[in-house]
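# Topology and contacts: notes
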Amino acid sequence: MKFIREIIKFIDKKIIIPITRFFVFIGEKIKLTDKPLERSLSKKSSMIILSLVLAVIIFFIVDRRNATLLEKNAEVLYNVPLNATYNNEEYVIEGLPKTVDITLIGTKANLYLAKQLPTQDVTVDLSDLKPGVHKVNLKYKQSITSVEYKLDPSVVTVVVNNKQSETREIGVDTVNLDKLDSKLSISKIKLDSDEVIIKGTSENIANVSAIKALIDIKEMVDPKSGSNILRDVALIAYDSKGNKMNVEMVPSKVTATIDIESPSKEVPLKIQTTGNVVFGKAIREINSNVQKLTIYGDSKTLESTNSIVVKLDVNNLKNDKDYTVTIKKPTGIREISQKVANIKITLDDESTTEISGVRLSYINLNSNYTAQLIGENNTEISVILKGVESVIKNIDSTKVEAYVDLEGLGVGEHKVKIKVKGDDSRVNYESKVTEATIKIAEK
């Protein structure tokens, strides 16, 4: 009641009296007329009543606001960090949450003030605990004592273990390689430390399968050919299933020197045709605006890549035709100097010729067997060439390959189809004899 009387006294002194004086002053300035409203407003008694009504209204507004401010409410502070005190050189603590939630209970005014002040730490003191299982209470040093609080959780069960250590080698994992310029490749990565000390419980250490330095290409600033330095590379521990493990590592980060190169090679573009042009016609010329390509990749892939092949479908082609083809990168090649080739096929009348003395060989014979061609003159065959005369007249037996495929065949005699091929895609190659008899025996 004393609080309310003080509010009334304050309102009377600071609101009612000033308002009354104001309206009295206004009334004195208003000239009297015959109008009833103006005559009423000019009376001092009317001014006092009006100011009293306004004061009462203001009183109720203030009283209502005061009642709201005095009501108890609750606010929750989520994910407040938990700080633990213990000897981290000697012990490993398991079971401690990283954060807790705090529920604050109090008036709105106090809660508002409490939220404006810096959040105090939630703490737990484990310095006196020995190895084993313990239940411990969490503590919170509140900013305002008039506010109640509840922690979630307020009690936790922790396991204290002796800390073990072990030295392990550091491997390297590279991620986001697609962010590296396709003409570049990583030739070598060297770390400033080859070993790391891992610390934790004996069980956790035993479960660590690998320690990897994670080289993220996205973190490299403008990588170029030569040596590139990447600092603060995180070390990550993995178990045998590839899951990350929470163990302490010294050092926890390393510096990596990344050697980048741009190996390349120039190879020819080879054009292969599929299908047959119309009867009586053959391909005289195949012209392309791209003759050679520069390819980029690792050294091993470049060594085994001697050409880039594109295929053209010429089935039932009647007239000369221009093609625009996309040049696809072979597996392992990261970049090629040209992506598109413009190719022109020119036709002419077909001619036929026969060449003899083409040596017949076999492929895909099981290593436990031997094979022998049966029949007279079986080691050489004749091949029929079809194409434009100016093209086929320059082809001899050394430029044609004839063979039989023995894959999957066992001991005994077998009739197999003879296959013929040559380097010039403008020519059709046909064996005059379509089959050969092969005798397979064990070694």
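Our structure is the block above this text.
As a starting point, this report considers the structure included with it. For clarity, every value in this text was computed on a predicted model and none was experimentally measured.

It is worth spelling out the overall build of the protein chain at this point. When helices and strands are tallied, the protein chain shows seven helices and 31 strands. Taking all 443 residues of the protein chain together, the buried fraction comes to 32%. In the protein chain, of all internal contacts separated by at least 6 residues, the share reaching a separation of at least 24 is 72%. Working note: accessible area of the protein chain is about 28400 Å², and carbon and sulfur atoms make up 48% of it.

Our next topic: the sheet that holds strand 5 (residues 132-137). Reading across the sheet, the three strands line up as 2-8-5 and stay open at both edges, with antiparallel pairing between neighbours. Either end of the sheet is taken by a strand with one partner, and the two such strands are strand 2 (91-94) and strand 5. On average, each strand axis in the sheet is inclined to that of its neighbour by 35 degrees, with strand direction left out of account. As judged from the four bridges shared by strand 2 and strand 8 (residues 155-162), these two strands associate in the antiparallel manner. Residue Glu94 lies in a different strand from strand 8, and its bridge partner there is Val159.

The next thing to look at is the environment of Arg284. Inspection of the secondary structure puts Arg284 in strand 18 (residues 281-288). Counting along the chain gives 36 residues from Arg284 to Asp320, while the straight-line C-alpha distance between them is 9.9 Å. Setting aside chain neighbours within four positions, we find Arg284 in contact with Thr346, Leu347, Asp348, Val388, Val391 and Arg426.

Attention now goes to the pairing of strand 26 (residues 380-387). As paired elements, strand 24 (residues 351-363) and strand 26 share seven bridges and run antiparallel to each other. Paired with Thr353 across the bridge in strand 26 is Leu385. Direction of pairing for strand 26 relative to strand 30 (residues 428-431): antiparallel, over a ladder of four bridges. Bridging from a neighbouring strand, Lys386 pairs with Asn428 of strand 30.

Let's shift gears to the sheet that holds strand 3 (residues 99-107). Across the sheet, five strands lie side by side as 6-4-1-3-7; this open sheet has mixed pairing. Edge positions in the sheet fall to strand 6 (139-140) and strand 7 (148-152), since each has one partner strand and no second. Relative to strand 6, strand 4 (residues 122-125) runs antiparallel, the two sharing two bridges. Following the sheet pairing, Thr123 is matched in strand 6 by Lys139.

Looking now at the pattern of salt bridges. The tally for this structure, following the rule as stated, stands at 13 salt bridges. In this structure, the salt-bridge partner of Lys224 is Asp222, at a minimum N-O distance of 3.3 Å. We note a salt bridge from Asp424 to Arg426, for which the minimum N-O separation is 2.8 Å.

Attention now goes to the packing of aromatic side chains. This structure, assessed with the given rule, holds one aromatic pair. Judged by centre distance (5.1 Å) and plane angle (70 degrees), the ring pair of Tyr140 and Tyr149 falls under edge-to-face. Overall, the relative accessible area of 9% leaves Tyr140 in the buried class.

Moving on, we get to the side chain of Asn228. Mapping Asn228 onto the fold places it in strand 13 (residues 226-238). For Asn228, a relative accessible area of 11% gives the class buried. A distance of 2.8 Å separates a polar atom in the side chain of Asn228 from the backbone oxygen of Lys224. Of note is the side chain of Asn228, whose polar atom sits 3.1 Å from the backbone oxygen of Gly226.

With respect to the secondary-structure elements, Val411 resides in the loop between strand 27 (400-405) and strand 28 (412-417). A sequence separation of 30 residues divides Val411 from Ala441, and the C-alpha atoms of the two residues are 5.0 Å apart. In this structure Val411 touches Tyr369, Ile440, Ala441 and Glu442, once residues within four positions along its chain are discounted.

Moving on to unusual backbone geometry. Of the consecutive residues Asp152 and Pro153, the connecting peptide bond is found in the cis state with omega at 0 degrees. Position of Pro153 relative to the elements: it lies in the loop between strand 7 and strand 8. Residue Pro251 is bonded to the preceding Val250 through a cis peptide linkage, with omega at 0 degrees. Within the secondary structure, Pro251 is located in the loop between strand 15 (248-250) and strand 16 (253-261). Unlike most non-glycine residues, Asn79 shows phi in positive territory, near 55 degrees. For Asn79, the location among the structural elements is in strand 1 (residues 72-85). On the basis of relative accessibility, which here comes to 54%, the residue Asn79 falls in the exposed class. Positive phi is not limited to glycine here, since Asn316 has a value of about 60 degrees. Secondary-structure assignment places Asn316 in the loop between strand 20 (308-313) and strand 21 (321-326). What makes Asn316 exposed here is its relative accessible area of 52%.

What counts as what
- Starting afresh in each chain, residues are numbered from 1 along the sequence in its written order.
- The predicted nature of this model means local features are confined to residues of pLDDT at least 70 and side-chain atom pairs, given and counted, to a pLDDT of 80 or more, with totals for whole chains, interfaces and linings taken over all residues.
- Computation of side-chain values: all heavy atoms of the structure, hydrogens and water removed.
- Each helix corresponds to a stretch of at least 4 residues labelled H or I by DSSP, and each strand to a stretch of at least 2 residues labelled E; elements are numbered beginning at the N terminus.
- Partly exposed describes any residue whose relative accessible area lies between the buried limit of under 20% and the exposed limit of over 50%, with all areas from a 1.4 Å probe on protein chains only and scaled to the type maximum.
- Whether two residues touch is decided by their heavy atoms; if any such pair falls within 4.5 Å, the residues are in contact.
- Note on areas: Shrake-Rupley, 1.4 Å probe, and residue coverage restricted to the protein chains presented here.
- DSSP-based pairing: two strands are paired if at least 2 bridges between them are found.
- Here an axis means a line fitted to C-alpha atoms, over the contact stretch when the element is a helix, while the angle between two N-to-C directions is reported on a 0 to 180 degree scale.
- By salt bridge we mean one thing: a side-chain nitrogen of Lys or Arg within 4 Å of a carboxyl oxygen of Asp or Glu.
- Only Phe, Tyr and Trp rings are paired, with Trp represented by its six-membered ring, and only when their centres lie within 6.5 Å; those with planes under 30 degrees apart are stacked, over 60 edge-to-face, the remainder tilted.
- Whenever two N or O atoms come within 3.5 Å, that pair is a polar contact, provided that in protein one can donate a hydrogen and the other can accept it, and provided that, for residues adjacent in sequence, both atoms are side-chain atoms.

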